[in-house]
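# Secondary and tertiary structure notes
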Amino acid sequence: HTGCDAIHPGYGLLSENVAFITAIQTVGLTFIGPHANNVELMGDKQRARAFARDCGIPIVPGSDEITDSQQAKEFADRVGYPILVKAAAGGGGIGMKVAKNDKALVKAIDECRRRGKSAFGDDKIYLEQYIADPRHVEIQILADNHGNALHLFERECSVQRRHQKVIEEAPSVLMSQFPTLREKMTSAALTLTRKAQYVNAGTVEFIVDTNGNYYFIVMISRLQVEVPVTDSI
């Protein structure tokens, strides 16, 4: 109706709404953001983990979709407590709980299912081995429609409350402790970006353990509100 050529979705939920993106592209407009298939792949954390693993990128040891508490207990018996219960859809730390025993695990599963259904319309969950005292480091990437991709270095967001980021800083002080870490993590982020044929802006998020081992956790297929930290550097 307005005669526009392109639509930018802002920072909100429309930026990761596959139906919205598809509708825009169907009528011949440009969506200023990742393609619908990028958002669909990275929006399901289990699929994204499997994709990263196939790209040769380290991931946190985890389970397939958990459909009952017995499955969950068997996984916990194999890897040991504490266990992180996670909603398969969405992001932003929503639908995540740490369980330290069987009783807490059953309760966490119920809570994460409810949160996932309420926030994202999807109650699928899975489990991960809990990494103690992790650092949370994310790599900002940009990619175009011609196969070119680059990174804009890292942001660290280890200061969190209830899995919600409180402080973002760049560069990460962790990089002076582990001199080869930046090269490894930025290379991994670009490998994932290129193999997914990802387009536009995105953030590849990792956790790093106390020995400097890094693990892919999620790719955020939109422009995040913390991008001004990257703008500043």
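Residues numbered from 1 in each chain as written. Predicted model: local features only at pLDDT ≥ 70, side-chain atom pairs only at ≥ 80, totals over all residues. Heavy atoms only, no water.

## Topic: the pattern of salt bridges
Pairing between side chains of opposite charge can happen when their charged atoms approach one another. Applying the stated rule across the entire model yields 14 salt bridges. E16 is paired through a salt bridge with R222; the nearest N and O atoms lie 2.9 Å apart. Of this pair, E16 sits in the loop between β1 (6-7) and α1 (18-26) while R222 sits in the loop between β11 (214-220) and α8 (227-232); the two residues are 206 residues apart in sequence, bridging distant segments of the chain. Since its relative accessible area comes to 35%, E16 is described here as partly exposed. When salt bridges with common partners are traced through the structure, they connect E138, R155, K165, E168, E205 and E226 into a single cluster. (Salt bridge = Lys/Arg side-chain N within 4 Å of Asp/Glu carboxyl O. Helix = DSSP H or I, 4+ residues; strand = E, 2+ residues; numbered from the N terminus. Buried < 20%, exposed > 50% of the residue type's maximum accessible area, 1.4 Å probe, protein only.)

## What about the environment of E226?
Relative to the assigned elements, E226 resides in the loop between β11 and α8. With 145 residues separating them in the primary sequence, E226 and Y81 have C-alpha atoms 32 Å apart. Setting aside its immediate chain neighbours within four residues, E226 contacts E138, R155, K165 and E168. Engagement of the side chain of E226 in a polar contact is seen with the side chain of K165, the distance being 2.9 Å. (Contact = heavy atoms within 4.5 Å. Polar contact = N/O pair within 3.5 Å; in protein donor to acceptor, adjacent residues only side chain to side chain.)

## Thoughts on the sheet that holds strand β6 (residues 135-143)
The strands making up a sheet associate through backbone hydrogen bonding, with each pair oriented either parallel or antiparallel. If you walk across this open sheet you meet the four strands as β7-β6-β10-β11, and the pairing is antiparallel. Edge positions in the sheet fall to β7 (149-156) and β11, since each of these pairs with one other strand and no more. Recorded for the sheet is a direction-independent mean angle of 25 degrees between the axes of neighbouring strands. Here strand β10 (residues 200-208) runs beside β11; their pairing, made up of six bridges, is antiparallel. Pairing of F206 across the sheet is with F216, part of β11. (Pairing = 2+ DSSP bridges. Axes fitted to C-alpha atoms, helices over the stretch in contact; angles between N-to-C directions.)

## Digging into the side chain of E138
Within the secondary structure layout, E138 lies in strand β6. Residue E138 is classed as buried on the basis of its relative accessible area of 0%. A distance of 2.8 Å separates polar atoms of two side chains, one belonging to E138 and the other to K165. Among all residues touching E138, those that are not within four sequence positions of it are F153, E154, R155, C157, K165, E168, T203, V204, E205, Q224 and E226.

## Points about the nonpolar core
Core analysis: the biggest nonpolar cluster contains 29 residues, and I57, L181, M185, L192, F206, F216 and M219 have the highest contact counts within it. Counting residues per element, this core draws most heavily on helix α7 (residues 181-195), which supplies six residues. Look past the residues within four positions of L192 in its chain and what remains in contact with it is M42, F51, A52, C55, I57, V204, F216 and M219. With 13 residues, the next largest nonpolar core counts I83, A108, I109 and I125 among its residues. (Core = buried A, V, L, I, M, F, W, Y, C linked by side-chain atoms within 4.5 Å.)

## Concerning the environment of F31
Here F31 shows up in strand β2 (residues 30-31). Along the sequence, F31 and I7 sit 24 residues apart, while their C-alpha atoms lie 5.2 Å from each other. With residues near it in sequence (within four places) discarded, F31 still touches I7, P9, S15, F20, I21, I24 and Q25.

## Digging into the confidence of the model for the chain
Looking at the chain, pLDDT values average 92 and 99% of them are 70 or higher. Mean pLDDT across the elements of the chain bottoms out in strand β9 (residues 164-165) (85) and peaks in α7 (98). (pLDDT = per-residue confidence, 0-100.)

## Structural notes on the environment of Y81
Within the element layout of this structure, Y81 appears in the loop between α4 (69-79) and β3 (83-87). Considered as a pair, Y81 and N101 are 20 residues apart in the sequence and their alpha carbons are 6.6 Å apart. Residue contacts for Y81: discarding those within four places in its chain leaves A76, A99, K100, N101, D102 and L105. Within the structure, the side chain of Y81 is placed 2.4 Å from the side chain of D102, a separation counted as a polar contact.

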